[in-house]
Amino acid sequence: MLQLARNLGRLGDENAFTVLARAQALAAQGRDIVNLGIGQPDFPTPPHIVEAAIKALRDGHHGYTPAMGIPPLREAVSADIHRRLGVEVDPDTVAIMPGGKVTMFLAVLMFAEEGREIIFPDPGFPIYKSLIQYSAAKPVPLPIREENGFAFSADELLSRITPNTSLIILNTPANPTGGVTPPQEIEKLVAGLERWPNVAILADEIYGQITFDGLRHASLLQYPQIRDRVILLDGWSKTYAMTGWRMGYGVWPKAIVDHVRKLATNCHSCVNASAQWAGIAALQGPQDCVAQMTVAFDERRTFIAGALNAIPGMRCVLPKGAFYAFPNVSGTGWNERALAKALLEEAGVAVIAGSDFGDEGQGFIRLSSANSMENIARAVDRIGDFLASRKPAGAEAIG
Ligand SMILES: Cc1ncc(COP(=O)(O)O)c(C=O)c1O
């Protein structure tokens, strides 16, 4: 019997990948599947970014790079943050990682151990809770409420902090809800955090450039009072349609950034060199691709929320950012897990059950609007027809 580490049993998963595999398997059998499951832009990476990677390979960038990333990329990240958020960032505190997720992994590794508590959004990106459980720290869920437009509440968050809290994970604009927490709420949180100077904050702002209705994304990096304990997580995946390139970054407090370098050296050595050059082209090249994608996501979220609200039993908050809709399906009589399964298997629409994002996601499903308007319209029609003709049987119904 192999003596595997016990903590492996506590590692969670991301069901979006399982649904993607099932949707692809059904499609390979000839089924017509509309995939609103996976959270990646349906656009290709803009051509000038692809060309920059090809050029880097032709120019001979084939070797290792520094563990924290090539200096011109770290400088480009710093300049980009200054342009967007008006904040000075020392390029030495920028750590280029193979995807946004890795900053999350390292932050939890650095602040978690038995006896510590980590607060995370529920519903939220499933990897937060998975990593906390794996680390043996105590996961403390922060409910993200529909009646609050899926913004987090500063008061609720502050009430969950104890002397054992080592890290708070925040995500706005949010996956899976599309919620955006307004600047006033963030200011309230920052004021409250002054009472807890030993608590670090991981601000997952990977959807920071995808907001609607002229809403300003308030970054946790913009508050000098907490700057020495904020870790910013961002990257190229969502903003520049680069999920497969595995390019992300963290901005770390100066006092702890050397631990990041060491962890990166121990783990992956560095990020793919040509992808890093592509990352520079993304940040320094024309930004109209970002605006164009956001306009498309905006049109789709308005359509999707309107169409879902017209289906009896469904109720959908209009998303304010990211590219997800998170309708409440409890009025349909279906439990969300059975509904997600039946929609895929019987109606040919891939969606994710809200409970895959935490206990507070019960009664909801997540639809990604990263698909063409035509496909979204087909998917919503199918969902409406399905619910009109098929009632939940036995365990499929709300228990
Ligand atoms: C909230 C959130 N954070 C981080 C990530 C990870 O991004 P990446 O693909 O760059 O690792 C995702 C991806 O879906 C996400 O939704």
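The following refers to the structure shown. It should be emphasised that the depicted structure is a prediction, and the values quoted were computed from it without experimental measurement.

1. Comments concerning the sheet that holds strand β12 (residues 365-368)
At step 1: If you walk across this open sheet you meet the three strands as β9-β12-β11, and the pairing is antiparallel. On the outer flanks of this sheet lie β9 (324-325) and β11 (352-353), each paired with one strand and no other.
At step 2: Strand direction decides the pairing type here: β9 and β12, joined by two bridges, are antiparallel. Following the sheet pairing, A325 is matched in β12 by L367.

2. Details of the sheet that holds strand β3 (residues 117-122)
At step 1: If you walk across this open sheet you meet the seven strands as β2-β8-β7-β6-β5-β3-β4, and the pairing is mixed. In the strand order of this sheet, the two ends are held by β2 (94-97) and β4 (138-143), each with one partner. The sheet shows a mean angle of 20° between the axes of neighbouring strands, direction not considered.
At step 2: Of the pairings in the sheet, the one linking strand β5 (residues 165-171) to strand β6 (residues 200-204) comprises five bridges and is parallel in character. The partner of N171 across the bridge, within β6, is D204.
At step 3: Where helix α5 (residues 126-135) meets the sheet, it contacts β3, β4, β5 and β6, and its direction lies at approximately 160° from that of β3.

3. Focus: the state of the cysteines
At step 1: Under the counting rule described, the total for this entry stands at zero disulfides.
At step 2: C267 takes part in no disulfide bond, and the closest cysteine sulfur, belonging to C270, lies 11 Å away.
At step 3: The exposed category is assigned to C267, whose relative accessible area is 59%.

4. Some details on the pairing of strand β7 (residues 230-235)
At step 1: Most of β7 sits out of view: six of its six residues are buried.
At step 2: Burial of β7 is two-sided: the residues V230, L232 and D234 facing one way and the residues I231, L233 and G235 facing the other way are all buried.
At step 3: Bridge analysis of β6 against β7 gives four bridges, and the strand direction is parallel. Its bridge partner lying in β7, I201 is registered against V230.
At step 4: Relative to strand β8 (residues 248-251), β7 runs antiparallel, the two being bridged by four bridges. Residue pairing across strands places G235 opposite G248, the latter belonging to β8.

5. Focus: the packing of aromatic side chains
At step 1: Applying the stated criterion to the full structure yields 12 aromatic pairs.
At step 2: Aromatic pair F326 and F357: ring centres 6.5 Å apart, planes at 80°, arrangement edge-to-face. Within this pair, whereas F326 is found in the loop between β9 and α11 (336-347), its partner F357 is found in the loop between β11 and β12, the two being separated by 31 residues in sequence.
At step 3: Considering the side-chain rings of F326 and F364, the 5.0 Å spacing of their centres and the 5° angle between planes classify their relative orientation as stacked. A residue pair is termed long-range when its members are at least 10 positions apart, and F326 in the loop between β9 and α11 and F364 in the loop between β11 and β12 qualify at 38 residues.
At step 4: Overall, the relative accessible area of 8% leaves F364 in the buried class.
At step 5: Three or more aromatic residues joined by ring pairs form one cluster here, namely F43, Y207, F297, F323 and Y324.

6. Notes on the site of the ligand
At step 1: Around the ligand sit 14 residues, and of these D204, Y207, S237, K238 and R246 come closest.
At step 2: In this structure, an oxygen atom belonging to the ligand sits 2.7 Å away from a main-chain N or O atom of G100.
At step 3: Contact distances for the ligand include 2.6 Å between a nitrogen atom and a side-chain N or O atom of D204.
At step 4: Expressed as a share of its isolated accessible area of 400 Å², the protein-covered part of the ligand is 93%.
At step 5: Split by residue class, the shell around the ligand holds five nonpolar, five polar and four charged.

So, how was this worked out
The residue numbers shown here count from 1 along each chain, following its written sequence. In keeping with the predicted nature of the model, local features appear solely for residues at pLDDT of at least 70, side-chain atom pairs appear and are counted solely at 80 or more, and the whole-chain, interface and lining totals rest on all residues. With hydrogens and water stripped out, all remaining heavy atoms of the structure feed into the side-chain values. By definition, two strands form a pair when at least two bridges between them are found by DSSP. Numbering of helices and strands runs from the N terminus, with a helix taken as a DSSP run of H or I at least four residues long and a strand as a DSSP run of E at least two residues long. Axis definition: a line fitted to C-alpha atoms, limited for helices to the stretch in contact. Angles are taken between N-to-C directions and run from 0 to 180 degrees. Only heavy atoms enter the contact rule, under which two residues are in contact if any of them lie within 4.5 Å. Here, two cysteine sulfur atoms that lie within 2.5 Å of each other are counted as a disulfide. Summary of the burial criterion: residues with accessible area below 20% of their type's maximum are buried, those above 50% are exposed, and those between are partly exposed, where the area comes from a 1.4 Å probe applied to protein chains only. Pairing of aromatic side chains requires ring centres within 6.5 Å, counting the rings of Phe and Tyr and the six-membered ring of Trp. Pairs whose planes differ by under 30 degrees are stacked, by over 60 edge-to-face, and all others tilted. Any residue with at least one heavy atom within 4 Å of a molecule or strand is counted as near it. Side-chain atoms alone can form a polar contact between residues adjacent in sequence; in general such a contact is a pair of N or O atoms within 3.5 Å, and within protein one must be able to donate a hydrogen while the other accepts it. For the accessible areas, the method is Shrake-Rupley and the probe is 1.4 Å, while residue cover comes only from the protein chains on display. Amino acids are sorted into nonpolar (Ala, Val, Leu, Ile, Met, Phe, Trp, Tyr, Cys and Pro), charged (Asp, Glu, Lys and Arg) and polar (every other residue, Gly among them).

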